[in-house]
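# Remarks on the overall topology
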Amino acid sequence: ELTFLGTSAGVPTRTRNMTSIILNLQQPTRAEMWLFDCGEGPSISFFTAYHPGKLNKIFITHLHGDHLFGLPGLLCSRSMQGNSLPLTLYGPKGLKEFVETALRLSGSWTDYPLTIIEVGPGLVFDEEGYRVTAYPLSHPVECYGYRIAQHDKPGTLDAAQLIADGVPPGPLFHQLKRGQRVDWQMAGSSTAAAIWGRDPGKTLAIFGDTAPCPQALEMARGADVMVHETTLEQA
């Protein structure tokens, strides 16, 4: 689920915060939220609506202020609420210097483990059911869009076909559902098979600011959902 905490660009308005998007994974085994960009204002909306402990990853597309200036305040507020769960930041080169300088000069710190990873073009991580890739975009400063691809999930076991092939229902079916190889005897021969489909995972493309460029087209190709600003397009 995507929640837009802010959709304004350049400056906030009376009705719109600066750019910031929450991705709620809503997985039974992963009660996590990922934040994409953090301009001024969205941290207030976030703490009003969500538990800060669920926020464990923040992705920054680029270091322009309308995508970044709310980050130090959010980091400190998360800490002052007594949260001790780790948080990881991803973004272009310079993000680490920005965060560490802001905290140091303001006499601030975090009481939770804070990891800052400066990304480049290509794979950011591939773990726990999701793969995130950074695509370089066309902007006056280094800027990345993020493509979030959910891993494919096991499909439905074709029980009728398995029975027709001579596989008896029961424990063998459960082994197949767990992805295990199964051997069984039939007509004097040993056979191994699983009639098993795949449910393709969803793909989400979240852009920073960009002019048209080949990397943007590739990043969006085949995505189920694309989030793209239209700041300068009057049409």
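See above for the structure.
This write-up is about the structure you can find in this document. None of these values were measured; they are calculated from a predicted model.

What counts as what
Residues numbered from 1 in each chain as written. Predicted model: local features only at pLDDT ≥ 70, side-chain atom pairs only at ≥ 80, totals over all residues. Heavy atoms only, no water. Buried < 20%, exposed > 50% of the residue type's maximum accessible area, 1.4 Å probe, protein only. Helix = DSSP H or I, 4+ residues; strand = E, 2+ residues; numbered from the N terminus. Pairing = 2+ DSSP bridges. Arc of directions from axis to C-beta. Contact = heavy atoms within 4.5 Å.

## Observations regarding the pairing of strand β8 (residues 130-136)
- Within β8, 5 of the 7 residues are buried, leaving the element largely enclosed by the surrounding structure.
- Direction of pairing for strand β7 (residues 122-127) relative to β8: antiparallel, over a ladder of 5 bridges. Within β8, the position partnered with Glu-127 by the bridge is Tyr-130.
- Between β7 and the antiparallel strand that follows it, β8, lie 2 residues; Glu-128 among them carries a positive phi value of about 50°.
- As judged from the 7 bridges shared by β8 and strand β9 (residues 144-150), these two strands associate in the antiparallel manner. Looking across to β9, one finds that Pro-136 is bridged to Tyr-144.

## So, helix α3 (residues 95-105)
- Those residues of α3 not exposed but buried are Leu-95, Val-99 and Leu-103. The buried side chains of α3 occupy one side of the element, clustering within an arc of 50° when seen end-on. In α3, the exposed positions that point more than 90 degrees away from the buried face belong to Glu-97, Arg-104 and Leu-105.
- Each element contacted by the buried residues of α3 is listed here: α2 (71-80), β5 (87-91) and β6 (114-118).
- Of the residues flanking the end of α3, it is Gly-107, one or two places downstream, whose phi is positive at about 65°.

Structural measurements only, silent on function.
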